[in-house]
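Coordinates in review
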There are 2 protein chains.
Amino acid sequence: MAEEKLTTRAQDFSAWYNELVERAQLAEHSPVRGCMVIRPNGYGIWELIQQNLDKMFKDTGHENAYFPLLIPQSFMSKEAEHVEGFAPELAVVTHGGGKELEEPLVIRPTSETMIYTMFAKWVQGYRDLPILMNQWANVVRWEMRTRLFLRTSEFLWQEGHTAHETEAEAEEETLKMLGVYRKFAEEFMAIPVITGLKTDSERFAGALRTYCIEAMMQDNKALQAGTSHNLGQNFSKAFDLKFQGRDGSVQYAWNTSWGVSTRLVGGIIMTHSDDDGLVLPPRLAPTVAVIVPIFKTDEERASVLEAADAIYNEMRSKGFRVKIDKRDNMSPGAKYYEWELKGVPLRIEIGPKDVANKTVVIVPRITLDSREAAKPGRKQKLFVSMDTLSNSIEELSSELQAQLLKNAIARREANTIRGVKTYEEMKEIFSKGEGAFVYAGWNGDPAIEAKVKEETKATIRCIPDAEFRSAVAPATCLVTGEKAKHEVIWSKAY
Amino acid sequence: MAEEKLTTRAQDFSAWYNELVERAQLAEHSPVRGCMVIRPNGYGIWELIQQNLDKMFKDTGHENAYFPLLIPQSFMSKEAEHVEGFAPELAVVTHGGGKELEEPLVIRPTSETMIYTMFAKWVQGYRDLPILMNQWANVVRWEMRTRLFLRTSEFLWQEGHTAHETEAEAEEETLKMLGVYRKFAEEFMAIPVITGLKTDSERFAGALRTYCIEAMMQDNKALQAGTSHNLGQNFSKAFDLKFQGRDGSVQYAWNTSWGVSTRLVGGIIMTHSDDDGLVLPPRLAPTVAVIVPIFKTDEERASVLEAADAIYNEMRSKGFRVKIDKRDNMSPGAKYYEWELKGVPLRIEIGPKDVANKTVVIVPRITLDSREAAKPGRKQKLFVSMDTLSNSIEELSSELQAQLLKNAIARREANTIRGVKTYEEMKEIFSKGEGAFVYAGWNGDPAIEAKVKEETKATIRCIPDAEFRSAVAPATCLVTGEKAKHEVIWSKAY
């Protein structure tokens with residue numbers, strides 16, 4: 001089972017990613033152009049994302065519902081910016097039940113048009129507001145250049161949709177959900193994110209304002225990991241979503257929408273994984289620990305498997321997501337290799353000596369600063385008592401989870417450049433392969449944004465929120481030397 | 001808030017169903033023909049179905065994955081029966097990204113063709129088997145006559161797909177999952193089901209054998225609530241799903257598939273609900289108990305709300321799905337009416353006297369045989385100590401759950417007719433509005449099945465499994481008088 005090593009990140013980040021996704025059996029290209037098959041190892045990560053995010057949505061008062069996959073083509077045209085943004089990406093159903101349809105139907109690229117049509121039926125007065133809904137669904141946006149998890153024609157996502165009585169409430173909701181995404185990214189995905197506002201050119205088609213969380217991948221490119229839109233009254237006016245207000249007057253509702261997708265799985269992979277394969281944050285790892293029994297003789301086999309099974313059953317009964325690898329056609333080394341590739345955070349080795357000592361050896365998937373360093377070229381090995389194994393798994397899981405976030409923050413900071421003096425200097429930075437987050441002043445002109453994109457391939461990821469801005473705001477626009485309107489973050493992006 | 005009463009079941013079962021689904025805000029027709037919107041009250045039931053079934057699937061060794069929504073039209077034609085069965089129901093995507101597609105794509109009506117294409121890539125040798133997978137997804141089957149939850153062009157479902165080394169293993173899997181469905185129906189949905197084999201005319205297009213669970217609704221019509229198919233080698237041969245066997249020879253795999261859908265929500269409604277509205281089994285009720293505070297003066301209001309909030313918070317913290325209804329623009333009576341309509345199993349009333357006595361009044365949604373009968377025309381009221389409220393909720397929930405199953409079994413038995421002597425007698429039964437399950441002998445001839453369907457609208461629901469057969473098997477075919485090949489169940493069906 002001596003498989004070829006992965007291409008390294010340093011050799012070719014993109015090839016490394018593709019090989020890892022395939023070899024760890026996370027996803028594959030399907031026979032349908034642009035659509036992927038998410039295999040159990042990958043889908044298990046998405047299930048944990050769903051469960052944990054869903055709980056956060058419900059804790060903030062949202063309910064799930066389900067709206068149709070198919071949308072009459074005419075609906076898309078009712079909001080002018082919306083149709084302009086999505087028309088090029090639509091998949092169109094023209095035939096159903098053996099007949100040509102009177103009006104073609106599009107497969108939802110997002111559901112604003114359908115959902116606000118329905119909200120308009122449900123809302124009469126201010127007492128019917130707010131509506132706080134979420135939908136877990138598949139959407140289709142026709143893509144020419146696809147990449148597993150990161151950009152596919154069909155993807156899985158959640159889309160929250162809300163309607164409010166006032167503009168202030170809608171803004172509050174938009175920011176609240178951005179906060180939920182940030183918290184989820186940091187606490188579950190172990191990915192540090194910058195929150196901020198998109199410029200007009202990156203705004204959602206039909207929104208008043210789009211807020212985002214932006215993460216840095218290991219190739220220093222940015223990944224937009226989630227967006228939260230204040231839709232204002234654009235859709236309520238297009239879909240006649242009105243209500244009788246407290247003062248008796250008829251008013252248009254204020255909407256928000258917000259979403260994250262299976263793209264997050266790609267973000268997790270590209271943030272944490274290494275040249276040995278997948279690295280997963282324990283809170284989102286379908287398998288947190290794998291038990292590998294080690295023995296030579298039949299006698300050893302019996303006693304080791306007995307102890308390993310006992311541990312396995314105890315951990316399962318306590319709710320730990322553990323596996324046991326009893327395959328008899330593979331060496332322990334081949335098993336280690338496979339489980340490292342597949343990103344299991346903790347490996348539990350148990351051999352005859354361990355059984356005698358009532359201990360096990362735990363090997364964490366990454367080096368933990370909180371534990372004694374291993375000798376150079378070796379992995380950390382932690383000797384743990386069987387009696388306190390569940391405590392050890394819990395402790396090591398949280399240490400590993402924290403370590404991943406710490407590493408990712410350090411990497412981002414190391415590749416963040418503030419105080420660039422000239423546009424030439426920024427061009428130089430983006431002409432190299434490595435990429436970076438470059439903080440700089442911008443005069444607010446979309447033409448300048450377009451020029452920089454044209455010349456460097458970098459875009460404005462966001463106008464960062466106050467806590468992410470530089471201590472001293474840049475006074476001038478890096479490109480024009482004019483007075484800066486905003487400090488912005490420039491980066492190449494996925 | 002004095003709403004009009006529902007049409008009663010006796011007046012018009014079908015109108016009653018439609019009104020109930022709409023008024024309890026479970027689902028609605030969408031602007032897209034045949035597609036429904038599942039509102040939070042209805043989706044909450046589906047979420048509990050998903051959670052509990054998913055656990056049962058995982059406990060039996062299955063993993064979730066996700067396969068594309070879109071399938072190349074040519075895939076559908078590779079299995080002859082399959083394409084014949086599904087071609088009339090397909091929705092076809094002809095345009096994507098602004099261009100006409102080279103090959104049209106169909107929206108999956110079911111995913112055998114795509115999934116076995118992928119399995120064929122993943123399986124080389126017998127060690128790669130079995131594959132035990134499940135997918136939660138939406139599917140589209142173009143329907144002309146639709147009914148919310150029961151028959152819609154788009155519906156949500158799960159489809160299990162497995163591949164095995166031997167025919168025996170595939171048959172074992174098929175029956176195991178049928179058993180899972182039966183257990184789920186009885187223990188969670190409180191719906192008694194008959195397990196059995198479909199005749200060829202009702203067999204899944206492409207299957208060797210289709211097994212089913214069949215339930216009786218309150219209008220005595222049958223609802224096929226779930227199916228489990230032994231696909232034999234039909235799909236493995238069509239999609240080249242081969243493996244090297246233990247003896248070194250190349251063999252085709254043996255497949256099974258099995259599914260249940262949002263139709264189950266319709267089945268729950270039609271099995272348990274009454275003329276006051278929805279009745280839900282507590283295990284699948286998004287809200288198990290609703291607390292209604294009752295007061296007149298401001299002073300009472302303060303003390304009652306304080307006690308009600310305390311109860312609410314305690315129950316929530318213990319994991320009970322409870323709500324509290326503090327709306328101040330509605331009378332308690334109007335609230336009772338609404339929560340009965342919406343099917344909350346237990347109502348908890350708390351007034352000033354209750355606060356003083358440290359008790360509450362619990363009113364179960366249906367009459368419990370296990371408790372003292374109420375006076376004629378009154379509802380059962382149970383006086384319960386606040387200190388032991390969580391025990392009471394648990395006890396009453398299981399009593400109510402058991403009562404629903406008991407009632408449903410009694411109703412089914414009362415409307416099951418065995419020992420019909422002549423075909424005329426059966427025709428007479430099905431000519432009446434009420435319907436029934438009629439057990440009778442059948443000679444095994446599809447032409448006879450077709451004739452009976454033509455003449456009575458009843459179909460063979462299944463050849464029941466041994467435990468559901470009559471003590472003495474009918475010797476002759478009810479229609480022809482020839483020797484009976486099987487005892488079968490005739491009924492009109494959804």
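What you see is a predicted model, and the numbers here were worked out from it, not measured in a lab.

Focus: the overall build of chain A
Across its full length, chain A carries 14 helices and 23 strands. Against the compact-globule benchmark of 23 Å for 494 residues, chain A has a radius of gyration of 25 Å, which places it among compact chains. Reported as C-alpha extents along the three principal axes, the dimensions of chain A are approximately 80 × 60 × 45 Å. Burial analysis of chain A (494 residues in total) assigns 48% to the buried set. The long-range share in chain A, meaning contacts at least 24 apart out of those at least 6 apart in sequence, stands at 69%.

A short note on the relation of the copies chain B and chain A
Superposing chain B onto chain A requires a rotation of 180 degrees together with a translation of 0.0 Å along the rotation axis, leaving an RMSD of 0.0 Å. Both copies of the chain, as the preceding transformation shows, are related through a two-fold rotation axis. In terms of C-alpha distance to the rotation axis, chain B has B:Val93 as its closest residue, with the C-alpha 2.1 Å off the axis. The residues that chain B uses at the interface reappear at the interface of chain A in 100% of cases, marking a shared surface.

Observations regarding unusual backbone geometry
Residue and element names in this part refer to chain A. In this structure, the amide linkage connecting Leu129 to the following residue, Pro130, adopts the cis form with an omega of -5 degrees. When you line up the elements, Pro130 lands in the loop between α5 (112-122) and β7 (131-140). Despite not being glycine, Lys457 has its phi angle at roughly 70 degrees, a positive value. Note that Lys457 resides in the loop between α14 (446-456) and β22 (459-464). Lys457 sits in the partly exposed class, given 14 other C-beta atoms within 10 Å.

Points about the nonpolar core
Counting residues in each nonpolar core, the largest one holds 287 residues, and the members touching the most others are A:Ile291 and B:Ile291. When near neighbours in sequence (up to four residues on either side) are disregarded, A:Ile291 contacts A:Ala308, A:Ile311, A:Tyr312, A:Val322, A:Ile324, A:Asp325, A:Ile348 and A:Ile350.

Considering the interface of chain B and chain A
Where interface size is quoted, it is often the accessible area lost as the parts come together. Every contact between the two is made by 40 residues of chain B and, on the other side, 40 residues of chain A. Among the elements of the structure, β2 (36-38), α2 (40-59), β3 (63-64), β4 (70-72), β5 (91-96), α5 (112-122), β7 (131-140) and β8 (154-164) of chain B are those that each provide at least two residues to the side of chain B that touches chain A. Considering each element in turn, the side of chain B that touches chain A owes the most residues, 6 residues, to β5(B). Residues belonging to the side of chain B that touches chain A are distributed by class as follows: 26 nonpolar, 9 polar and 5 charged. Summarising the sheet, strand β5 (residues 91-96) of chain A and β5(B) pair through 5 bridges and their orientation is antiparallel. Within β5(B), the position partnered with A:Ala91 by the bridge is B:Gly96.

Remarks on helix α9 (residues 298-317) of chain A
Residue and element names in this part refer to chain A. Between the first and last C-alpha of α9 there are 28 Å, a value that for 20 residues agrees with the 28 Å anticipated at 1.5 Å per step. Within the sequence span of α9, burial applies to Val304, Ala307, Ala308, Ile311, Tyr312 and Met315. The buried residues of α9 occupy an angular sector of 140 degrees when projected down its axis, which confines them to one face. Across from the buried face of α9, at angles greater than 90 degrees, the exposed residues are Asp298, Glu299, Ala302, Glu306, Ala310, Asn313 and Ser317. In the core, the buried residues of α9 are packed alongside β15 (289-293), β16 (322-324), β17 (346-350), α11 (352-357) and α12 (389-414).

A look at the domain arrangement of chain A
Under the domain assignment, chain A is made up of domain 1 (13-272), domain 2 (287-398) and domain 3 (416-491). For domain 1 of chain A versus domain 2 of chain A, the separation of C-alpha centres amounts to 40 Å.

What about the pairing of strand β22 (residues 459-464) of chain B?
Along a regular strand, successive side chains alternate from one face of the sheet to the other. All names here are of chain B. The buried count for β22 comes to 5 of 6 residues, which makes it a mostly enclosed element. Direction of pairing for strand β9 (residues 194-197) relative to β22: antiparallel, over a ladder of 2 bridges. Within the sheet, the bridge partner assigned to Gly196 lies in β22 and is Pro464. In the sheet, β22 pairs with strand β23 (residues 486-491) via 3 bridges, with the strands oriented antiparallel. By the bridge assignment, Cys462 is partnered in β23 with Ile489.

Observations regarding the packing of α2(B) against helix α8 (residues 263-272) of chain B
Residues and elements named next belong to chain B. Closest axis-to-axis distance for the α2/α8 pair is 10 Å, and the angle between their directions is 110 degrees. Classified by the angle their axes make, α2 and α8 are roughly perpendicular. The residues of α8 that touch α2, namely those facing Gly42, Ile45, Trp46 and Ile49, are Leu264, Val265 and Ile268. Taken together, the residues that form the contact of α2 with α8 break down as 6 nonpolar, 1 polar and no charged.

Considerations on the environment of B:Arg9
Residues and elements named next belong to chain B. For Arg9, the position within the fold is in the segment before α1 (13-23). Along the backbone, Arg9 and Gly85 are 76 residues apart, and their C-alpha atoms lie at a distance of 34 Å. Not counting chain neighbours up to four residues away, the residues in contact with Arg9 comprise Trp16, Gln218 and Asp275.

Section: the pairing of strand β11 (residues 222-232) of chain B
Residues and elements named next belong to chain B. Most of β11 is tucked away, with 10 of its 11 residues classed as buried. Sheet topology note: the strand β10 (residues 209-216)/β11 ladder contains 8 bridges and is antiparallel. Bridge assignment links Arg209 to a residue of β11, and that residue is Asn230. Bridge count for β11 against strand β14 (residues 254-261) is 5 bridges, and the pairing is antiparallel. Of the residues in β14, the one forming a bridge with Thr227 is Gly259.

Some words on the sheet that holds strand β6 (residues 99-107) of chain B
Taking strand neighbours across the sheet as the criterion, the 6 strands line up as β4(A)-β6(A)-β5(A)-β5(B)-β6(B)-β4(B) in an open arrangement whose pairing is antiparallel. Every interior strand has two partners, whereas the edge strands, β4 (70-72) of chain A together with β4 of chain B, have only one. Taking each pair of neighbouring strands and ignoring which way they run, the sheet shows an average axis angle of 45 degrees. Bridge count between β4(A) and strand β6 (residues 99-107) of chain A: 3 bridges; the pairing is antiparallel. Bridge pairing in β6(A) links A:Pro72 to A:Leu105.

Observations concerning the environment of B:Gly160
All names here are of chain B. For Gly160, the location among the structural elements is in strand β8. Residue class for Gly160 comes out buried when judged on the 23 C-beta atoms lying within 10 Å of it. As a C-alpha pair, Gly160 and Ser77 span 83 residues in sequence and 21 Å in three-dimensional space. Excluding residues that lie within four positions of it along the chain, Gly160 makes contacts with Phe57, His62, Met133, Asn134, Met177, Ser257, Trp258 and Gly259.

Considering helix α9 (residues 298-317) of chain B
Structural remark: α-helix, 3.6 residues per turn; residues separated by three or four positions point the same way. Residues of α9(B) that are buried in the fold lie against β15 (289-293), β16 (322-324), β17 (346-350), α11 (352-357) and α12 (389-414) of chain B. B:Gly319 lies just past α9(B) and shows a positive phi near 90 degrees.

Some thoughts on the sheet that holds strand β20 (residues 416-417) of chain B
Residue and element names in this part refer to chain B. Strand order in the open sheet made by the 11 strands is β3-β7-β8-β14-β11-β10-β9-β22-β23-β21-β20, with mixed pairing throughout. A strand with exactly one partner marks an edge of an open sheet, and here the two such strands are β3 and β20. The strands touched by helix α6 (residues 167-187) are β8, β9, β10, β11 and β14; relative to β11, the strand with the most contacts, the crossing angle is about 165 degrees.

Quick look at the environment of B:Glu100
By the secondary structure assignment, B:Glu100 is in strand β6. Ignoring any residue separated from it by four or fewer positions in sequence, one finds B:Glu100 in contact with B:Thr94 and B:His95.

The rules behind each value
Residues numbered from 1 in each chain as written. Chains lettered and ligands numbered in written order. Predicted model: local features only at pLDDT ≥ 70, side-chain atom pairs only at ≥ 80, totals over all residues. Helix = DSSP H or I, 4+ residues; strand = E, 2+ residues; numbered from the N terminus. Rg over C-alpha atoms; globule rule 2.2 N^0.38 Å. Buried ≥ 20, exposed ≤ 12 C-beta atoms within 10 Å, placed from the backbone. Contact = placed C-beta atoms within 7 Å. Least-squares fit on C-alpha atoms with pLDDT ≥ 70 in both. Core = buried A, V, L, I, M, F, W, Y, C linked by C-beta atoms within 7 Å. Nonpolar A, V, L, I, M, F, W, Y, C, P; charged D, E, K, R; others polar. Pairing = 2+ DSSP bridges. Expected span 1.5 Å × (residues − 1). Arc of directions from axis to C-beta. Domains from an automatic or database assignment. Axes fitted to C-alpha atoms, helices over the stretch in contact; angles between N-to-C directions. Parallel < 35°, antiparallel > 145°, perpendicular 65-115°, else oblique.

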